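Next come the chains, spelled out residue by residue.
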Amino acid sequence: MNDMPELADVMSYLSNGGIHEALRYLNSRTPHRFSGIYRYDGDMLRNEHLFDRDTPSLRGGDDVAMVDAYCAIVGQREEALEFGDIHADTRIAFKPGSPVVSYCGVLIRSADGKPFGTLCHFDVLPCQERSTDIPLLEAVAPLMFKALLEGRAALPQA
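Note that this is a predicted model, so its numbers are computed, not measured.

Draft legend 1. Main features of helix H3 (residues 70-77). A large share of H3 lies buried, amounting to 6 of its 8 residues. Taken together, the buried positions of H3 are occupied by Tyr70, Cys71, Ala72, Ile73, Val74 and Gly75. For H3, the secondary structure elements touched by its buried residues are strand S1 (34-41), strand S2 (44-52), strand S4 (81-83), strand S5 (102-109) and strand S6 (115-123). Where H3 ends, the next residue or the one after it, Glu78, has phi of about 55°, a positive value.

Structural data, given as structure tokens:
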């Protein structure tokens, strides 16, 4: 952890404020408006948590069809994905059903190593790429998965 002091900050935010506060901290380090956690669910990408810099009280976002989700590429390739402007990037096909223009996301794996979803930053406007965020997001992804599981365990059972 000494080579990545930001990881200690994320752990502190998770412990003291939960996933939303950890996403707020991660978002403060990026030019993107949104930071979120999305879960793969068949042909849908389910929003688990969302931080919106313009509306910090917002806690959740819309679910997205996998065909329209750049997060789907992260799951298919099982590697991080980042682009500053999808219209100028020749590596990735533009998804006409998505308003996302810039994206930075990493894979979240379940406890048994299977793709669970993504931890990502995104925006509807072009943003400068910051590949320096990917190592932190990759380090944080297992912590977010654990926090998601702990949050579900704390929910009242029906």
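Draft legend 2. Fine view of the sheet that holds S5. Read across the open sheet, the 6 strands follow the order S3-S2-S1-S6-S5-S4; overall the sheet is antiparallel. Whereas interior strands pair on both sides, the edge strands pair on one side only; in this sheet they are strand S3 (64-65) and S4. As paired elements, S1 and S6 share 6 bridges and run antiparallel to each other. Pairing of Phe34 across the sheet is with Phe122, part of S6. Each of S1, S2 and S6 is contacted by helix H2 (residues 19-28), which is oriented at about 75° to S2, the strand it contacts most. Lying over the sheet, H3 contacts S1, S2, S4, S5 and S6, oriented at roughly 45° with respect to S5.

Draft legend 3. Spotlight on helix H1 (residues 5-17). The end-to-end C-alpha distance of H1 is 18 Å, a good match for the 18 Å that 13 residues give at a rise of 1.5 Å each. For H1, the complete set of buried residues consists of Leu7, Val10 and Leu14. Along the long axis of H1, the arc covered by the buried residues comes to 60°, so they all point the same way. Facing away from the buried side of H1 by over 90 degrees, the exposed positions are Pro5, Ser15 and Asn16. Just downstream of H1 lies Gly18, where phi reads positive at about 90°.

Draft legend 4. Highlighting the state of the cysteines. Using the criterion set out here, one finds 0 disulfides in the structure. Free cysteine: Cys120, not disulfide-bonded; nearest cysteine sulfur from Cys71 at 4.0 Å.

Draft legend 5. Layout of the environment of Met4. Along the polypeptide, Met4 turns up in the segment before H1. You can call Met4 buried: its relative accessible area is 19%. Separated by 124 residues in the primary sequence, Met4 and Gln128 place their C-alpha atoms 22 Å from one another. Once residues within four sequence positions are removed from consideration, Met4 is found in contact with Pro135, Leu136 and Ala139.

Draft legend 6. View of the side chain of Thr118. On the secondary structure map, Thr118 appears in strand S6. If sequence neighbours within four positions are ignored, Thr118 has contacts with Gly36, Ile37, Tyr38, Tyr40, Cys71, Val74, Tyr103, Val106 and Ile108.

Scoring rules and cut-offs
Residues numbered from 1 in each chain as written. Predicted model: local features only at pLDDT ≥ 70, side-chain atom pairs only at ≥ 80, totals over all residues. Heavy atoms only, no water. Buried < 20%, exposed > 50% of the residue type's maximum accessible area, 1.4 Å probe, protein only. Helix = DSSP H or I, 4+ residues; strand = E, 2+ residues; numbered from the N terminus. Contact = heavy atoms within 4.5 Å. Pairing = 2+ DSSP bridges. Axes fitted to C-alpha atoms, helices over the stretch in contact; angles between N-to-C directions. Expected span 1.5 Å × (residues − 1). Arc of directions from axis to C-beta. Disulfide = S-S within 2.5 Å.

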